[in-house]
Amino acid sequence: MLILVINCGSSSVKYQLFDITGQDYNRSLAPLAKGLIERIGRASSCRDHYAAINIIVEKLIDRRHGVISSKSEIKGIGHRVVHGGEEFKHSTLITKKVIDSIEKYSEIAPLHNPPSLSGIRGCAKILKGIPQAAVFDTSFHQTMKPEAFLYGLSFKYYKKYGIRKYGFHGTSHRYVAEKTARKLGRSLNSLKIITCHLGNGCSMAAVDRGISVDTSMGFTPLEGLLMGTRSGDMDPAVILYLLKKERMSLERMGDILNKESGLLGISGVSNDMRDLVKTVGRRPKTRDRKSARARLAIEMFVYRIKKYIGAYQAAMAGLDAVVFTGGIGENHPWLVRRIENDLKNVVARRTKFLVIPTNEELLIAKDTYNVVRRNDAKS
Ligand code: ADP
């Protein structure tokens, strides 16, 4: 069954086309086609997400370079949707009601949900009649208990505005947790795993027997680890203090926390781990400011990961495996070795440290396949 996976960002759309024939999670299927449309809204050839979806479909059915001969060969479309609130605990068939809910959660995910909605609406027009599924970043973490997901704020704000920890990167955490079990030859139901998704955005999850019991991102993706440009955890009073001292707008404060902090803000060099490693490596002995700050950013990054490993080991009362994924997790083996070495006297001797490349698109395709099959069976 041909499944098109669509991942809409504010100015880009990533796509992959898979041929899913079964539910076997063992198989790491390669996509039949994949690509990225960038500069949406900035290039005259691609005004909006609707135009981007059109370009993708034209590419797929192109006579010379395409991989299918007509749109109707696509039997399902899976969308990555960042925020599904408390409503979506699983991937779901997209209906008018589901669209309304995704729209409702745009208020708490203003940067992420609106592009997904544009993609969903674009596909509904361009690929009319083909069932669409929404696969939410938040769903996997909906198993957290109130003691893990509530903040120490007055309870009325949870009731009034849904202020709580939701967690993100759920598809990636679920994928690598399942892969870890397979790699260790064990059942997921018997394992306590910490998954570390380290990309530009970074988050960790405590996965106890297949269930997410805690995760480092929160109400938004700003909480938790030090990230490429996001601050991660800090005393919220710092924000009040800065707002007062610098008399800045809320928008400016948002930019500082989301775009100018983290690895970039500390190092003053880059948000990219490759650049930091290069900067430190070039002058390992010198004390110049650039390399010292790059080193400090890396140390903060590593320290916080170790702190969360300790916390999640305690939360699960045990630890069988720590798995690293994402651009940093997959490509910087020194980081995994360093953390494993630093924690060798902290974790049990049986605890494994692994690197597993994530594949969120494949999991979205498989979920979409299941949603479409269930829908077919009903009708
Ligand atoms: P995103 O979170 O935007 O999907 P990635 O998962 O690619 O991005 O993560 C970006 C980070 O991963 C950067 O800090 C970069 O240094 C690192 N990274 C990505 N690919 C590589 C690579 N091939 N080699 C080394 N580092 C990489």
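Quick caveat, the model's predicted, so the values are computed rather than measured. (Residues numbered from 1 in each chain as written. Predicted model: local features only at pLDDT ≥ 70, side-chain atom pairs only at ≥ 80, totals over all residues. Heavy atoms only, no water.)

(A) Representation of unusual backbone geometry within the structure. In the Ramachandran plot, R39 falls in the positive-phi region, its phi being about 55° despite a non-glycine side chain. For R39, the location among the structural elements is in the loop between β3 (33-37) and α1 (49-61). Even without being a glycine, R247 presents a positive backbone phi close to 45°. Summarising the element assignment, R247 is placed in the loop between α7 (237-246) and α8 (250-259). (Helix = DSSP H or I, 4+ residues; strand = E, 2+ residues; numbered from the N terminus.)

(B) Representation of the site of the ligand. Residues in contact with the ligand, as listed here, are G199, N200, G201, N271, D272, M273, R274, G326, G327, I328, N331 and H332. One nitrogen or oxygen atom from the main chain of M273 is found 2.9 Å from an oxygen atom belonging to the ligand. R274 places a polar main-chain atom, nitrogen or oxygen, 3.1 Å from an oxygen atom of the ligand. Isolated, the ligand exposes 560 Å² of accessible area, and the fraction of that covered by the protein chains is 65%. Of all the elements in the fold, those that place two or more residues in the shell around the ligand are α10 (273-282) and α12 (326-331). With four residues, the top contributor of residues to the shell around the ligand is α12. In the shell around the ligand, the residues fall into two nonpolar, eight polar and two charged. (Near = heavy atom within 4 Å. Polar contact = N/O pair within 3.5 Å; in protein donor to acceptor, adjacent residues only side chain to side chain. Areas by Shrake-Rupley, 256 points an atom, 1.4 Å probe, with all protein chains shown as cover. Nonpolar A, V, L, I, M, F, W, Y, C, P; charged D, E, K, R; others polar.)

(C) Looking closely at the pattern of salt bridges. A complete count under the given rule lists 16 salt bridges for this structure. For the salt bridge of D367 with R174, the shortest nitrogen-to-oxygen distance reads 2.5 Å. Residue D367 is found in helix α14 (residues 360-378), and its partner R174 is found in helix α6 (residues 170-184); the two are separated by 193 residues along the sequence. When its relative accessible area of 9% is taken as the criterion, D367 is described as buried. One salt bridge in this structure joins D272 and R274, with 3.2 Å as the shortest N-O distance. Since its relative accessible area comes to 23%, D272 is described here as partly exposed. Note on R274: relative accessible area 58%, which makes it exposed. A single network of salt bridges, built from pairs that share partners, joins E299, K306, R338 and D342. (Salt bridge = Lys/Arg side-chain N within 4 Å of Asp/Glu carboxyl O. Buried < 20%, exposed > 50% of the residue type's maximum accessible area, 1.4 Å probe, protein only.)

(D) The pairing of strand β6 (residues 132-136), seen in detail. Buried residues dominate β6, accounting for five of its five residues. Taking every second residue as pointing to the same face, both faces of β6 are buried, with Q132, A134 and F136 on one and A133 and V135 on the other. Where strand β4 (residues 74-81) lies against β6, five bridges are found, and the strand directions are parallel. Bridge assignment links I77 to a residue of β6, and that residue is Q132. Across two bridges, strand β5 (residues 92-93) lies against β6 in antiparallel orientation. Within the sheet, the bridge partner assigned to L93 lies in β6 and is A133. (Pairing = 2+ DSSP bridges.)

(E) Molecular detail of the sheet that holds β5. Ordered by their spatial adjacency, six strands build an open sheet running β3-β2-β1-β4-β6-β5, and the pairing between neighbours is mixed. For this open sheet the edge positions go to β3 and β5, each flanked by a neighbour on one side alone. In the sheet, strand β2 (residues 13-19) pairs with β3 via five bridges, with the strands oriented antiparallel. Looking at the pairing, Q16 lines up with K34 of β3.

(F) Quick peek at helix α3 (residues 113-126). Taking 1.5 Å per residue, 14 residues should reach 20 Å; α3 reaches 20 Å between its end C-alpha atoms and fits that length. Listing the buried residues of α3 in full gives N113, P115, S116, L117, G119, I120, G122, C123 and I126. (Expected span 1.5 Å × (residues − 1).)

(G) Structural detail: helix α13 (residues 333-342). Every buried residue of α13 is accounted for by L335, V336 and I339. Down the axis, α13 shows its buried residues gathered within 95° of arc, on one side only. The inward-facing, buried residues of α13 abut β7 (192-198), α11 (289-316), β10 (321-325), α12 and β11 (352-355). (Arc of directions from axis to C-beta. Contact = heavy atoms within 4.5 Å.)

(H) Just the environment of G318, in detail. By the secondary structure assignment, G318 is in the loop between α11 and β10. Put simply, G318 and Y157 are 161 residues apart on the chain and 33 Å apart in space, counted from C-alpha to C-alpha. When residues no more than four places from it in sequence are discounted, the contact partners of G318 are K192 and Q313.

(I) Local environment of the environment of I211. Structurally, I211 can be placed in strand β9 (residues 211-215). With 61 residues separating them along the chain, I211 and D272 place their C-alpha atoms 31 Å apart.

(J) Broad picture of the nonpolar core. Of all hydrophobic cores here, the largest spans 36 residues; its most connected members are L198 and F301. Contributions of two or more residues to this core are made by β7, β8 (202-208), α10, α11, β10 and α13. The next biggest cluster of nonpolar side chains, apart from the first, holds 24 residues, and it includes V13, Y15, A51 and I56. (Core = buried A, V, L, I, M, F, W, Y, C linked by side-chain atoms within 4.5 Å.)

(K) Molecular detail of the sheet that holds β11. Overall, mixed pairing links the five strands, which are arranged β9-β8-β7-β10-β11 in an open sheet. Only two strands of the sheet have a single neighbouring strand rather than two, namely β9 and β11. Neighbour-to-neighbour, the strand axes of this sheet turn through a mean angle of 25°, independent of strand direction. Bridge count between β10 and β11: four bridges; the pairing is parallel. Bridging across to β11, V322 finds its partner in F353. Along the sheet face, α11 touches β7, β8, β9 and β10 and points at about 20° away from the line of β8. (Axes fitted to C-alpha atoms, helices over the stretch in contact; angles between N-to-C directions.)

Everything listed here is a matter of coordinates, which is why it stays silent on function.
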